[in-house]
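Structural characterization, general
What follows is the residue order along each chain.
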Amino acid sequence: DFSEPLRHIPIEVMGEKALVGCSHPWASREWISKDDLEGSTLLYAGRLPSPRISPVMKDLEDFGISASINLVDLEGSMFRMVELGQGAACVPNHWTAEGYSVIEVPYISDKRINCSFVWSSQHMSHPLKEFIDYLHAKNLNEKNPAQ
């Protein structure tokens with residue numbers, strides 16, 4: 001909840017998918033959920049995402065699900081481990097793994113994590129107003145593509 005002077009515009013709902021190798025048990029699945037995470041091996045590149053932006057991490061935390069989490073330095077290393085069947089990479093929906101032989105499996109969660117642009121209405125400037133107008137127009141066009 002935001003109260004004055006803070007204002008906000010919802011930008012997107014954060015979503016994730018699992019990237020798995022051809023021999024992974026999830027490879028033939030249409031989607032996975034928190035029930036599939038128990039006992040799984042999850043791979044992340046760089047650093048672990050916060051439960052505030054990751055439905056997978058939020059579900060692990062809220063439901064006390066036990067999974068093996070491996071952190072690797074580079075995305076390429078993570079994708080290669082996925083190809084070799086060493087785990088599943090949980091990544092934001094917009095990520096791609098071009099050049100790697102991986103299968104995308106959507107992650108379905110009851111958790112809704114909204115990403116918003118937040119500003120103070122007391123500190124408006126011309127560039128900020130133009131950017132906010134742009135975000136409003138973009139959100140309306142995505143919700144109503146005919147407009």
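Everything here concerns the structure above.
So, how was this worked out
- Residues numbered from 1 in each chain as written.
- Predicted model: local features only at pLDDT ≥ 70, side-chain atom pairs only at ≥ 80, totals over all residues.
- Heavy atoms only, no water.
- 1 Å grid on protein atoms, 1.4 Å probe; cavity = no way out; pocket = protein on both sides within 12 Å on 5 of 7 lines; lining within 4 Å.
- Points joined across faces, edges and corners; volume = space filled by probe spheres on them.
- Helix = DSSP H or I, 4+ residues; strand = E, 2+ residues; numbered from the N terminus.
- Nonpolar A, V, L, I, M, F, W, Y, C, P; charged D, E, K, R; others polar.
- Polar contact = N/O pair within 3.5 Å; in protein donor to acceptor, adjacent residues only side chain to side chain.
- Contact = heavy atoms within 4.5 Å.
- Core = buried A, V, L, I, M, F, W, Y, C linked by side-chain atoms within 4.5 Å.
- Buried < 20%, exposed > 50% of the residue type's maximum accessible area, 1.4 Å probe, protein only.
- Pairing = 2+ DSSP bridges.
- Right-handed = clockwise from strand over helix to strand, strands pointing away.
- Arc of directions from axis to C-beta.

**Notes on the layout of surface pockets**
In this model, the largest pocket occupies a volume close to 280 Å³. The wall of the largest pocket is formed by 17 residues, among which Arg-47, Pro-49, Ile-53, Pro-92 and Trp-95 lie closest to the centre. If you list the elements that add at least two residues to the lining of the largest pocket, you get strand S3 (41–45) and strand S5 (88–92). A breakdown of the residues in the lining of the largest pocket according to their chemical character gives 12 nonpolar, 3 polar and 2 charged.

**What to know about the side chain of Lys-17**
Among the secondary structure elements, Lys-17 is positioned in strand S2 (residues 16–20). Looking at Lys-17, its side chain comes within polar contact range of the side chain of Glu-104, at 3.1 Å. Excluding anything up to four places from it in sequence, Lys-17 contacts Ala-89, Cys-90, Val-91, Pro-92, Asn-93, Trp-95, Glu-104, Val-105, Pro-106 and Tyr-107.

**A word on the nonpolar core**
With 16 residues, the main nonpolar core has Val-20, Trp-26, Leu-37, Leu-42, Val-56 and Leu-60 as its most contacted residues. No other element matches helix H2 (residues 55–63), which puts 3 residues into this core. Within the second largest apolar cluster, 11 residues are counted, among which are Leu-43, Ala-45, Ala-89 and Val-91.

**Section: the environment of Val-118**
Within the secondary structure, Val-118 is located in strand S7 (residues 113–120). Exposure remark for Val-118: the relative accessible area of 37% places this residue in the partly exposed category. Counting along the chain gives 84 residues from Val-118 to Lys-34, while the straight-line C-alpha distance between them is 30 Å. With residues near it in sequence (within four places) discarded, Val-118 still touches Phe-2, Leu-6, Arg-7 and His-8.

**Side note on the environment of Pro-10**
Position of Pro-10 among the secondary structure elements: in strand S1 (residues 6–14). Owing to a relative accessible area of 44%, Pro-10 belongs among the partly exposed residues under this scheme. Sequence-distant contacts of Pro-10, defined by excluding residues within four places in its chain, comprise Cys-115, Ser-116 and Asn-139.

**So, the pairing of strand S4 (residues 68–72)**
Looking at chain direction, S3 and S4 are connected through 5 bridges and run parallel. Note that in S4 the partner of Leu-42 across the bridge is Ile-69. A crossover connection joins S3 to the parallel S4 through H2; in handedness this β-α-β unit is right-handed.

**Re unusual backbone geometry**
Here the amide bond leading from Glu-4 into Pro-5 is cis, since omega sits at 10°, within 30 degrees of zero. One can find Pro-5 in the segment before S1.

**Digging into helix H3 (residues 75–83)**
What sets the pattern is the α-helix's 3.6 residues per turn: residues three or four places apart point alike. Within H3, the full set of buried residues consists of Met-78, Phe-79 and Val-82. All buried residues of H3 lie within an arc of 95° about the axis, which places them on one face of the element. The elements touched by buried residues of H3 are S2, S3, S4 and S5. Directly after H3, the chain includes Gly-85, whose backbone phi takes a positive value near 80°.

Function-wise, these values are silent; they only describe arrangement.
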